[in-house]
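One letter stands for each residue in the lines below.
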Amino acid sequence: MSHEVAAPPIIDFSEALRGASSIRRGFIKCRLVHMQDRSFVLPDILLSSELKGEYYSPKFFTPNQIAFFGDDGSADFCRLTLEMLNGKNVEVAFFRRDVVKACSDGAFIYKCAFSSSAPKGLPTPCGKWRRRDKSFEILAYHHTNGSAESGIKASKELWSSPWNIQGSKKLENIGYCYFTSIPAIRSELHLREVAMSQMGTAHFLPTNAPYSAEFASALAVPKRTPKDMDRSLGFWVDLETVSPSHIWLHRPWSAPAYYEIVLPRVFRLGVNPGYHLPLDGNRISIDPAQAKVLKYVVVGDASSPEGLAAPYNEENTLLLAKIDDISNGSEIISRWKEKQNSHLFPSMSVEMARMIENSS
């Protein structure tokens, strides 16, 4: 009896990455989102399959490219260019055939390959990740003071917060527990990276403005010092419970448009209001019925002060990208092909964050 030998794929990762010679393997979590005038793939996090098990958070990314081929579609792929936190560019590619998990938050996890444009290879990692049963988990940190640390350890739970990202208003329909990839808060820079400051303000410069303080806008954020956050608790967090980050859209006068992740070192776990997150040793264990993800991200126009403030005031903006609710059996690339040139945004209904009046 003869056995048929499966034909090799039409293309491989080397070709999808434009002939890159130094290729790493891993996983990428991403989602398909729609705006009034565009659709694009929104990257969440990149996981390396190296023995150290490290993850990377993108700071900037460019519009994705998707290639379609004939046959069964297994050679169809998506390519993204990401700029990591240390400024190194990484090109990432994943195939339609390599989807690993469809997440309950509307995201997908794919096997992927990536190549760094820097001579020394990989960007600086943000931390460790692991695969536990069917979950992909990252090691993230919750920073607090000594009194709160004692309460957390005694109760074996973390309390969610009703405050929005800016820390200025309480939300009515969702609570967040905040984590970060920063192991310890030791400086003003660390505070700014988690939307806090010793001065109580954050400053933003519009995309095409001259590099001068007179063109910067200020936004109030929680006033804290490193001493206020001197206790660090590390926990394993399931990526499926992490809410998507908001973004800014940059349109430089002399270069192509690109996107920026807002607070890329911050991970928000969304839950029903008032829910206390149980701790299973050093792992966050959330009842799936209590997990909550709002199916949109704010897309602030980085050319104006109002647009720069929009991701911090998510309950007061209509600058949205809605997360595609892809049906079972499908994934991002096949969905893109199925709905190409379709105007999906108006028909997509999403629950918005609602603030409690007079809560500031």
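Our subject is the structure listed above.
The structure presented is a predicted model; accordingly, all values stated were derived computationally and were not measured.

Chemist: So, the overall build of the protein chain: which residues are in play, and what are the values?
Modeler: If you tally the helices and strands in the protein chain, you get 5 helices and 23 strands. Computed over its C-alpha atoms, the radius of gyration of the protein chain comes to 21 Å, within 12% of the 21 Å expected for a compact globule of 360 residues. Going through the 360 residues of the protein chain one by one, you find that 52% of them count as buried. Sequence separation of 24 or more characterises 68% of the internal contacts of the protein chain that already satisfy a separation of 6 or more. With an accessible surface of roughly 17400 Å², the protein chain has 51% of that area assigned to carbon and sulfur atoms. Each charge class in the protein chain can be summarised by its mean position, and for the 41 positive and 39 negative side chains these summaries are 4 Å apart.

Chemist: Provide a residue-level description of helix H2 (residues 146-155), including the pertinent values.
Modeler: Looking at where H2 begins, the residue whose side-chain oxygen comes 3.3 Å from the main-chain nitrogen of Ser147 is Asn145. Phi turns positive one or two residues past the end of H2, at Lys156, with a value near 55°.

Chemist: So what about the environment of Gly175? Which residues, and what values?
Modeler: The topology assignment puts Gly175 in strand S13 (residues 175-180). The spatial distance from the C-alpha of Gly175 to the C-alpha of Ser161 is 5.3 Å, given a sequence separation of 14 residues. Those residues within four positions of Gly175 in sequence are excluded, and the remaining contacts are Ser160, Ser161, Leu269, Gly270, Val271, Asn272 and Pro273.

Chemist: Describe the nonpolar core, and please don't skip the residues or the numbers.
Modeler: Membership of the largest hydrophobic core comes to 34 residues, with the highest contact counts inside it found for Phe40, Leu46 and Phe94. In contact with Phe94, not counting residues within four places along its chain, are Phe13, Ile28, Cys30, Asp76, Phe77, Cys78, Leu80, Tyr110, Lys111, Cys112 and Ile333. With 29 residues, the next largest nonpolar core counts Phe27, Phe136, Ile152 and Leu239 among its residues.

Chemist: If you had to explain the packing of aromatic side chains to someone new, which residues and values would you point to?
Modeler: Throughout the structure, instances matching the rule amount to 18 aromatic pairs. Centre to centre, the rings of Tyr56 and Phe114 are 6.3 Å apart; their planes meet at 65°, and the pair counts as edge-to-face. Pair noted here: Tyr56 is in strand S3 (residues 54-56) and Phe114 is in strand S9 (residues 108-116), with a separation of 58 residues, a long-range link. A relative accessible area of 1% places Phe114 in the buried class. Look at Phe179 and Phe235: their rings are 6.3 Å apart centre to centre, the planes differ by 85°, and that puts the pair in the edge-to-face class. In this pair, Phe179 sits in strand S13 while Phe235 sits in strand S16 (residues 231-238), placing the two residues 56 residues apart along the sequence. Classification of Phe179 by relative accessible area gives buried; the value is 2%. Residue classification places Phe235 among the buried positions, given a relative accessible area of 6%. In textbook terms, an aromatic cluster arises when at least three aromatic residues are bridged by ring pairs, as seen for Phe13, Phe69, Phe77 and Phe95. Stacked on the ring of Phe95, the Lys or Arg Arg97 has its end atom at 3.9 Å from the ring centre. If you follow Arg268 out to its NZ or CZ, it ends over the ring of Tyr176, 4.5 Å from the centre.

Chemist: So what about the pairing of strand S19 (residues 266-271)? Which residues, and what values?
Modeler: Extensive coverage of S19 is indicated by the burial of 6 of its 6 residues. Burial along S19 is two-sided: Val266, Arg268 and Gly270 facing one way and Phe267, Leu269 and Val271 facing the other are all buried. Note that S13 and S19 share 6 bridges and pair antiparallel. Paired with Thr180 across the bridge in S19 is Val266.

Chemist: Give me the lowdown on the side chain of Glu149, citing residues and values where you can.
Modeler: Here Glu149 shows up in helix H2. The class for Glu149 is buried, based on a relative accessible area of 11%. Here Arg231 takes part through its side chain, which lies 2.6 Å from a polar atom of the side chain of Glu149. In contact with Glu149, other than residues within four places in its own chain, are Thr144, Arg231 and Leu233.

Chemist: Which residues make up the pattern of salt bridges, and what are the values?
Modeler: Under the criterion given, the structure shown has 25 salt bridges. With a shortest N-O distance of 2.7 Å, Glu91 and Arg18 are connected by a salt bridge. Of this pair, Glu91 sits in strand S7 (residues 89-95) while Arg18 sits in the loop between helix H1 (13-16) and strand S1 (24-34), and the two are 73 residues apart along the sequence. Residue Glu351 is joined to Lys292 by a salt bridge in which the shortest nitrogen-to-oxygen separation is 2.9 Å. Here Glu351 is found in the segment after helix H5 (332-338), whereas its partner Lys292 is found in the loop between strand S21 (283-284) and strand S22 (296-301), with 59 residues between them in sequence. The network of salt bridges with shared partners includes Lys29, Arg31, Asp44 and Asp105.

The rules behind each value
- Residues numbered from 1 in each chain as written.
- Predicted model: local features only at pLDDT ≥ 70, side-chain atom pairs only at ≥ 80, totals over all residues.
- Heavy atoms only, no water.
- Helix = DSSP H or I, 4+ residues; strand = E, 2+ residues; numbered from the N terminus.
- Rg over C-alpha atoms; globule rule 2.2 N^0.38 Å.
- Buried < 20%, exposed > 50% of the residue type's maximum accessible area, 1.4 Å probe, protein only.
- Contact = heavy atoms within 4.5 Å.
- Areas by Shrake-Rupley, 256 points an atom, 1.4 Å probe, with all protein chains shown as cover.
- Lys, Arg positive; Asp, Glu negative; His and termini not counted.
- Charge placed at Lys NZ, Arg CZ, Asp CG, Glu CD.
- Polar contact = N/O pair within 3.5 Å; in protein donor to acceptor, adjacent residues only side chain to side chain.
- Core = buried A, V, L, I, M, F, W, Y, C linked by side-chain atoms within 4.5 Å.
- Phe/Tyr/Trp six-rings, centres within 6.5 Å; stacked < 30°, edge-to-face > 60°.
- Lys NZ or Arg CZ within 6 Å of the ring centre and 35° of its normal.
- Pairing = 2+ DSSP bridges.
- Salt bridge = Lys/Arg side-chain N within 4 Å of Asp/Glu carboxyl O.

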